[in-house]
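# Coordinates in review
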Amino acid sequence: MTHESMSSPEHLTDQDYSRLLAFRAGLRRFLRWSEQRAADAGLTAAQHQLLLAIRGHGDPAGPSIGEIAEYLSARHHSVVQLTDRAEQLGLVARNREGDKDRRVVRLALTETGKQTLARLTATHLEELQRLAPLVDALADPATATQ
């Protein structure tokens, strides 16, 4: 069965709706769980996402505010405010050095930011391992356990 035929409305089954419901409910539970883990670490969910976006960025020079805005689907000025607060908390540092255009601000994690994110990431990866069957079941109905 092709992806196109699987997604056409006339081919949807009760099991398709049940699997999608289970996935979306699981995803919402994961997001609430993630927000709570961030709060336990003294961060907002947005601050956690900021740290992850900085650490997960591929360029060793660090991401720019604009790149972070893209990662977070946020407005530039919102990311500036988020970065200001994270910098006040000692989690993030701004850097203009090393860039050809001195107007470009690159972000880096401080040692505190790295340690905080490492603890959160380890916990999140464990939880994602636990949730893997939920994602697998959506992708391949034959693996669904009901």
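A brief report on the enclosed structure follows. (Residues numbered from 1 in each chain as written. Predicted model: local features only at pLDDT ≥ 70, side-chain atom pairs only at ≥ 80, totals over all residues. Heavy atoms only, no water.)

Going through the model one piece at a time under the given rule, you end up with six salt bridges. Asp84 is the partner of Arg94 in a salt bridge, and the nearest nitrogen-oxygen pair spans 2.7 Å. Highlighted residues: Arg94 in strand 1 (residues 92–95) and Asp84 in helix 5 (residues 76–88), separated in sequence by ten residues. A relative accessible area of 29% means that Arg94 is categorised as partly exposed. A salt bridge links Arg94 to Glu87; the nearest nitrogen and oxygen atoms lie 2.4 Å apart. Overlapping salt bridges bring together Asp84, Glu87 and Arg94 as one network. (Salt bridge = Lys/Arg side-chain N within 4 Å of Asp/Glu carboxyl O. Helix = DSSP H or I, 4+ residues; strand = E, 2+ residues; numbered from the N terminus. Buried < 20%, exposed > 50% of the residue type's maximum accessible area, 1.4 Å probe, protein only.)

Okay, a positive patch on the surface next. A cluster of like positive charges, contributed by Arg24, Arg28, Arg29 and Arg32, occupies part of the molecular surface. One can find Arg28 in helix 2 (residues 14–40). (Patch = residues over 30% accessible without salt bridge, like charges linked within 9 Å, V, L, I, M, F, W, Y side chains within 5 Å. Areas by Shrake-Rupley, 256 points an atom, 1.4 Å probe, with all protein chains shown as cover. Lys, Arg positive; Asp, Glu negative; His and termini not counted. Charge placed at Lys NZ, Arg CZ, Asp CG, Glu CD.)

Let us look at the layout of surface pockets. There is about 250 Å³ of room inside the second largest pocket. Among the secondary structure elements, those contributing two or more residues to the lining of the second largest pocket are helix 2, helix 3 (45–56) and helix 6 (111–139). Its residues assigned to classes, the lining of the second largest pocket comprises eight nonpolar, five polar and one charged. (1 Å grid on protein atoms, 1.4 Å probe; cavity = no way out; pocket = protein on both sides within 12 Å on 5 of 7 lines; lining within 4 Å. Points joined across faces, edges and corners; volume = space filled by probe spheres on them. Nonpolar A, V, L, I, M, F, W, Y, C, P; charged D, E, K, R; others polar.)

The next thing to look at is the side chain of His124. Summarising the element assignment, His124 is placed in helix 6. Residue class for His124 comes out buried when judged on its relative accessible area of 8%. Within the structure, the side chain of His124 is placed 2.7 Å from the side chain of Ser34, a separation counted as a polar contact. Looking at His124, its side chain comes within polar contact range of the main-chain oxygen of Leu120, at 2.7 Å. Not counting residues within four places of it along the chain, the set of residues in contact with His124 comprises Phe30, Trp33, Ser34, Arg37 and His48. (Polar contact = N/O pair within 3.5 Å; in protein donor to acceptor, adjacent residues only side chain to side chain. Contact = heavy atoms within 4.5 Å.)

Next up on the list: the packing of aromatic side chains. Considering all chains together, one arrives at one aromatic pair under this definition. Measuring from centroid to centroid gives 5.8 Å for Phe30 and Trp33, while their planes differ by 25°, and the two rings are stacked. Highlighted residues: Phe30 and Trp33, both in helix 2, separated by three residues, approximately one helical turn. The class of Phe30 is buried, set by a relative accessible area of 13%. (Phe/Tyr/Trp six-rings, centres within 6.5 Å; stacked < 30°, edge-to-face > 60°.)

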